[in-house]
Amino acid sequence: MLEIPESRTISIQASNALINKRIVKVYPATSQHKFAFYCGDPAEYPKLLTGRQIKSTKGHGMFVDIYCDDHTCITVGEGTNMRYYPPFEQPPKKHQLSIGFDDGSFAACTVAMYGGIWVYKGIFDNPYYQKSLNSISPLDDNFNEEYFDDIFKKTVKDISLKALLATELRIPGLGNGVLQDILFNAGLHPRRKKSSITDFHKDELFHSLKVTLNKMTDMGGRDTEKDLFGQPGGYKTILSKNTSKNPCPNCGNAIVKEAYLGGAVYYCPACQSL
């Protein structure tokens, strides 16, 4: 899933690989997917994209934008895998969108469980996209202690840390995936209630959020996800599906995996006591 480290990484890779390339071929979906979401009729995508030149890219939250000339944009969202194939390499036979460039290379988008591939001119009037585009990223200096404290103050209900940080787009792109290591590094349980968080806990959580996300991004994303070239990220997750059977790296106790708020959470019951 695209989260903050992956959207930033893929955007940088796409900038290096795609800028100034001209789109010469556009192939709509060869495999229909009922949870692939589009902007308007995807059958119109070839008309919108053919002849366009890639000008810039931007990664934010759980979205990656590929900006073309003539005010045309390609946006991929959470759940969509975008891969780049060098000249004369064969793109996958099954895809939800494939784009060929003037040098013989391709970019292909595939959707696993669900995902969006939006091609449009002008402004993309989607509330989740607009919130992501206009929010301050934890990777930015303006995401400071005051900004983080304001998230706590504006959340009236006494909800868990997972609900506070990874739902309602309070921090776009901070999802259940990156949350696990953030909470582990802060020594906090995902079910821990907001009302039990002291100023000391909040400082530890803020520091962990900033440091962990920056490390994930600097290392090209998490090893549970793949980049633009189909390679896993360089950040070795502490708590994830890749490590769920490993003992806690701090104390050696067994890691617990359980379902919570629509996804799996991982934690060490000793290091992250409830």
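Residues numbered from 1 in each chain as written. Predicted model: local features only at pLDDT ≥ 70, side-chain atom pairs only at ≥ 80, totals over all residues. Heavy atoms only, no water.

**What to know about the sheet that holds strand 1 (residues 23-28)**
Pairing within the open sheet is antiparallel, and its four strands lie in the order 1-7-8-6. Across the chains shown, the open sheet's two edge strands, defined by having one partner strand only, are strand 1 and strand 6 (80-85). Each neighbouring strand pair of the sheet contributes to a mean axis angle of 15°, computed without reference to strand direction. Examined bridge by bridge, strand 6 and strand 8 (residues 106-111) share six bridges and lie antiparallel to one another. Looking at strand 8, one finds that Tyr 84 is bridged to Ala 107. (Pairing = 2+ DSSP bridges. Helix = DSSP H or I, 4+ residues; strand = E, 2+ residues; numbered from the N terminus. Axes fitted to C-alpha atoms, helices over the stretch in contact; angles between N-to-C directions.)

**As for the sheet that holds strand 4 (residues 63-68)**
The pairing of strands in a sheet comes from backbone hydrogen bonds and takes either a parallel or an antiparallel form. Spatially, 2-9-5-4-3 is the arrangement adopted by the five strands of the open sheet, whose pairing is mixed. Only two strands of the sheet have a single partner each, and these edge strands are strand 2 (36-38) and strand 3 (54-60). In this sheet, neighbouring strand axes are inclined to one another by 15° on average, regardless of whether the strands run parallel or antiparallel. Relative to strand 4, strand 3 runs antiparallel, the two sharing six bridges. Paired with His 60 across the bridge in strand 4 is Phe 63.

**Describing a negative patch on the surface**
Taken together, Glu 145, Asp 199, Asp 203 and Glu 204 make up a surface patch of like negative charges. Of the residues forming the negative patch, the biggest block, three residues, is contributed by helix 7 (residues 199-218). Structurally, Glu 204 can be placed in helix 7. Residue Glu 204 is classed as partly exposed on the basis of its relative accessible area of 35%. (Patch = residues over 30% accessible without salt bridge, like charges linked within 9 Å, V, L, I, M, F, W, Y side chains within 5 Å. Areas by Shrake-Rupley, 256 points an atom, 1.4 Å probe, with all protein chains shown as cover. Salt bridge = Lys/Arg side-chain N within 4 Å of Asp/Glu carboxyl O. Lys, Arg positive; Asp, Glu negative; His and termini not counted. Charge placed at Lys NZ, Arg CZ, Asp CG, Glu CD. Buried < 20%, exposed > 50% of the residue type's maximum accessible area, 1.4 Å probe, protein only.)

**Remarks on empty space enclosed by the protein**
Scanning all chains against the criterion turns up two cavities of 30 Å³ or more. For the largest cavity, the calculated volume is near 50 Å³. Looking at the lining of the largest cavity, the elements that each hand over two or more residues are strand 7 (97-101) and strand 8. Here the lining of the largest cavity is composed, by residue class, of eight nonpolar, no polar and no charged. Put simply, the second largest cavity is a space of about 40 Å³. As for the second largest cavity, its lining consists of Glu 6, Thr 9, Ile 10, Gly 220, Gly 221, Arg 222, Glu 225, Lys 226, Asp 227 and Gly 233. Here the lining of the second largest cavity is built from residues that sort into one nonpolar, four polar and five charged. (1 Å grid on protein atoms, 1.4 Å probe; cavity = no way out; pocket = protein on both sides within 12 Å on 5 of 7 lines; lining within 4 Å. Points joined across faces, edges and corners; volume = space filled by probe spheres on them. Nonpolar A, V, L, I, M, F, W, Y, C, P; charged D, E, K, R; others polar.)

**A word on the packing of aromatic side chains**
What the rule picks out here adds up to 12 aromatic pairs. Pairing Phe 124 with Tyr 129 gives two aromatic rings, centres 5.1 Å apart and planes at 55°, and the pair type is tilted. By the burial criterion, Phe 124 is buried, and Tyr 129 matches it. Joined through ring pairs, the aromatic side chains of Phe 63, Trp 118, Tyr 120, Phe 124 and Tyr 129 make up one cluster. Between the NZ or CZ atom of Arg 191 and the centre of the ring of Tyr 260, over which it lies, the distance is 4.1 Å. (Phe/Tyr/Trp six-rings, centres within 6.5 Å; stacked < 30°, edge-to-face > 60°. Lys NZ or Arg CZ within 6 Å of the ring centre and 35° of its normal.)

**A closer look at unusual backbone geometry**
Backbone geometry places Phe 88, a non-glycine residue, at a positive phi of 70°. Assessed through its relative accessible area of 72%, Phe 88 is described here as exposed. With a phi close to 60°, Glu 168 is a non-glycine residue in the positive phi region. Along the chain, Glu 168 falls in the loop between helix 5 (161-166) and helix 6 (176-186).

**A short note on the packing of helix 6 against helix 7**
When two helices pack together, you describe them by how their axes are tilted relative to each other and by the distance separating the axes. Direction vectors running N to C along helix 6 and helix 7 enclose 135°, while the axes themselves pass 8 Å from each other. By the angle class used here, helix 6 and helix 7 are oblique. Considering the relative orientation of helix 6 and helix 7, their crossing is right-handed. The residues of helix 7 that touch helix 6, namely those facing Val 178, Asp 181, Ile 182, Leu 183, Asn 185 and Ala 186, are Glu 204, Leu 205, Ser 208, Leu 209, Thr 212, Leu 213 and Met 216. (Parallel < 35°, antiparallel > 145°, perpendicular 65-115°, else oblique. Left-handed = near helix turned anticlockwise from the far one by under 90°. Contact = heavy atoms within 4.5 Å.)

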